[in-house]
Amino acid sequence: MAEMKEIILKRFSEKFGDGDGAKAYFAPGRVNLIGEHTDYNGGHVFPCALTIGTYGVARKRQDKVCRFYSMNFDNLGVITVDLSGEIKPDKELDWVNYPLGVIWAFEQKGMKIDSGFDLLLNGNIPNGSGLSSSASVEVLTGFILRDLYGFNVTNQDLALIGQFSENNFNGVNCGIMDQFAIAMGKKDNAIFLDTATLQYEYAPIKLDGAKIVIACSNKKRGLGDSKYNERRQECEDALAALQTMVNIKSLGDLDEATYEKLSPVIKDGTKCRRARHAIYENQRTIEAVSALKSGNIKAFGQLMNESHKSLRDDYEVTGKELDTLVEEAWKVPGVIGSRMTGAGFGGCTVSIVKEENIDEFIKSVGEAYERTIGYKADFYVVEIGDGPSVL
Ligand code: GLA
């Protein structure tokens, strides 16, 4: 981190004249261990923050101008936005729509940004990998705005503001999981979050000689142009049908047995399967966390595998790339569990692998993937880190 701080501060002064008074910050990416597509269905999730993420340098200005520069999009150069005009999404602004959406969200919530600022970003989360590079930028921007302008908001508020900007400025109807995991991250812990109430609990991740390995499919996807919003709508339709039979607020209110009894009321077979995934996945998540707490990592891994099958068969968000990575992973000795993680439709998988088998895992899954898909996957052995910080 110390080295990175030096690099970004230096680049900031190159891009913005000098580095006087500039401060450096960090916000993590996240990986979800289990509880997928449950967060907008009032269910539970179990994500954790990573030690990879987005680094930033910022400094207030005297005028109302903001200047943005990302080392990841050097070709786009410095992008300037005048905050005295109307703040609205603009395709031309590319990645800047994420920090801009957060500025907009603060203002919507009555927190006025009275001057502009210069912002440099540098992320080491692979873009479009499904490790939440966009939520990381949102939470980082909120964290920086709080620090620069002294707004009285908690980290949990930063998560909600990030989600609000993603939903209403960037047009993706995402749930709260990503921003919450990033804003509330805690080293070596995953967060067991009930998305219906925002009650949460930290659970230490002790993997007993195993590590978390991410396999990135390198199939690019953007949530906005994926089927994400469509899945969400299908779940809402299924919920509306179920609500004609029982008094529930979300799919997360149902257990498996009640769902099986009531499901005929959902006339559409596809919507039935979407709801079944959301309900079973929520119960699996609760069960997985209790298995982990009692030290039963094997049961935790098996529930991860079940999660993948349900995302593949009922929710249909995996695709050939993620299925290949997971099904090949299941064949490797020392793999405790493996599943797709995040929205799906590309992105990456998360596996828990015994340390002594990691090399073999990377070799054998990597070779099979390239043979089947025609291009390479990337592998990362990751660590669970803290939430946002000043460097
Ligand atoms: C994306 C969304 C999250 C969540 C996951 C699926 O990461 O941003 O809110 O819905 O997909 O679990």
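This text goes with the structure placed above it.
Since the structure is predicted, the reported quantities are computational estimates derived from the model, not experimental observations. Numbers given for residues are sequential positions, taken from 1 along each chain in its written order. Selection of residues for local features in this predicted model requires a pLDDT of at least 70, selection of side-chain atom pairs for listing and counting requires 80 or more, and totals for whole chains, interfaces and linings are taken over all residues. Heavy atoms throughout the structure, all of them, feed into the side-chain values; hydrogens and water do not.

**Side note on the site of the ligand**
And step 1. The criterion for a residue being near a molecule or strand is simple. One of its heavy atoms has to lie within 4 Å of it. The local shell around the ligand holds 13 residues, among which E36, H37, D39, D178 and Y228 are the closest.
And step 2. Under this definition, polar contacts are N or O atom pairs within 3.5 Å; protein pairs additionally need one hydrogen-donor-capable and one acceptor-capable atom, and for neighbouring residues in sequence, both atoms have to be side-chain atoms. At 2.7 Å from an oxygen atom of the ligand is found a main-chain nitrogen or oxygen belonging to H37.
And step 3. Backbone polar atom of G175 to an oxygen atom of the ligand: 2.9 Å apart, as the coordinates give it.
And step 4. Alone, the ligand offers 310 Å² of accessible surface; in the complex the protein occludes 98% of this.
And step 5. Side-chain classes follow a simple rule in which Ala, Val, Leu, Ile, Met, Phe, Trp, Tyr, Cys and Pro form the nonpolar group, Asp, Glu, Lys and Arg form the charged group, and the remainder, Gly included, forms the polar group. Grouping the constituent residues of the shell around the ligand by class yields six nonpolar, three polar and four charged. Per-residue and other accessible areas were derived by the Shrake-Rupley procedure at a 1.4 Å probe size, with only the shown protein chains allowed to occlude residues.

**Here's the deal with the sheet that holds strand β11 (residues 348-354)**
And step 1. Strand order in the open sheet formed by four strands is β10-β11-β9-β12, with antiparallel pairing between adjacent strands. One side of each edge strand has no neighbouring strand; the edge strands of this open sheet are β10 (335-341) and β12 (378-382). Recorded for the sheet is a direction-independent mean angle of 20° between the axes of neighbouring strands.
And step 2. Two strands are said to pair when DSSP picks up at least two bridges between them. Secondary structure is summarised from DSSP: a helix means a run of H or I of at least four residues, a strand means a run of E of at least two, and numbering begins at the N terminus for each. Direction of pairing for strand β9 (residues 210-216) relative to β11: antiparallel, over a ladder of seven bridges. The partner of V213 across the bridge, within β11, is S351.
And step 3. Two residues qualify as a contact provided that any one of their heavy atoms is within 4.5 Å of a heavy atom in the partner residue. Note on definitions: angles span 0 to 180 degrees between N-to-C directions of axes, and those axes are lines fitted to C-alpha atoms, for helices only across the stretch in contact. In the packing of helix α9 (residues 297-313) onto the sheet, contacts are made with β10 and β11, and the angle to β10 comes to roughly 35°.
And step 4. Contacts from helix α11 (residues 358-373) reach β9, β10, β11 and β12, with the element oriented near 155° to β12.

**With respect to helix α8 (residues 269-293)**
And step 1. Along its 25 residues, α8 runs 36 Å from first to last C-alpha, staying within 8% of the 36 Å computed at 1.5 Å per residue.
And step 2. Backbone geometry just downstream of α8 places G295 in the positive-phi region, at approximately 80°. Multiplying 1.5 Å by the helix residue count minus one yields the expected span of that helix.

**Here we look at the environment of E360**
And step 1. Along the chain, the position of E360 falls in helix α11.
And step 2. Residue class for E360 comes out partly exposed when judged on its relative accessible area of 37%.
And step 3. In this view, E360 contacts V332, P333 and V365; residues no more than four positions away in its chain are not counted. Only protein chains enter the accessibility calculation, which uses a 1.4 Å probe; a residue is then buried when its area is under 20% of its type maximum, exposed when over 50%, and partly exposed in between.

**Examining the sheet that holds strand β1 (residues 23-32)**
And step 1. Taking strand neighbours across the sheet as the criterion, the six strands line up as β5-β4-β6-β3-β1-β13 in an open arrangement whose pairing is mixed. Edge strands, defined here as strands with exactly one partner in the open sheet, are β5 (79-82) and β13 (389-390).
And step 2. Two elements, strand β4 (residues 65-70) and β5, share four bridges in a ladder whose sense is antiparallel. The residue of β5 that forms the bridge with R67 is T80.
And step 3. Against the sheet, helix α1 (residues 2-15) touches β1, β3 (47-60), β4 and β6 (117-123), its axis set at about 35° to β3.
And step 4. Sheet contacts for helix α2 (residues 97-108): β4, β5 and β6; angle to β4, the most-contacted strand, approximately 145°.

**Re unusual backbone geometry**
And step 1. Even without a glycine there, the phi angle at N218 is positive, about 60°.
And step 2. By secondary structure assignment, the location of N218 is in the loop between β9 and α6 (228-242).

**Here we look at the packing of α9 against helix α10 (residues 319-331)**
And step 1. It is the contact of α9 with α10, at a shortest axis distance of 12 Å, that shows an interaxial angle of 150°. One finds that α9 runs roughly antiparallel with respect to α10. Seen from above, α9 lies across α10 with left-handed handedness. Packed against α9, whose contacting residues are N305, H308, K309 and R312, the element α10 presents L322, D323, V326, E327 and W330 at the interface.
And step 2. By residue class, the composition of the contact of α9 with α10 is three nonpolar, two polar and four charged. Each angle receives one of four descriptions, namely roughly parallel if under 35 degrees, roughly antiparallel if over 145, roughly perpendicular if within 65 to 115, and oblique otherwise. Crossings are sorted by hand: turned counterclockwise from the far helix by less than a right angle, the near helix makes the crossing left-handed, and turned clockwise it makes it right-handed.

What is shown is where atoms sit, not what they do.
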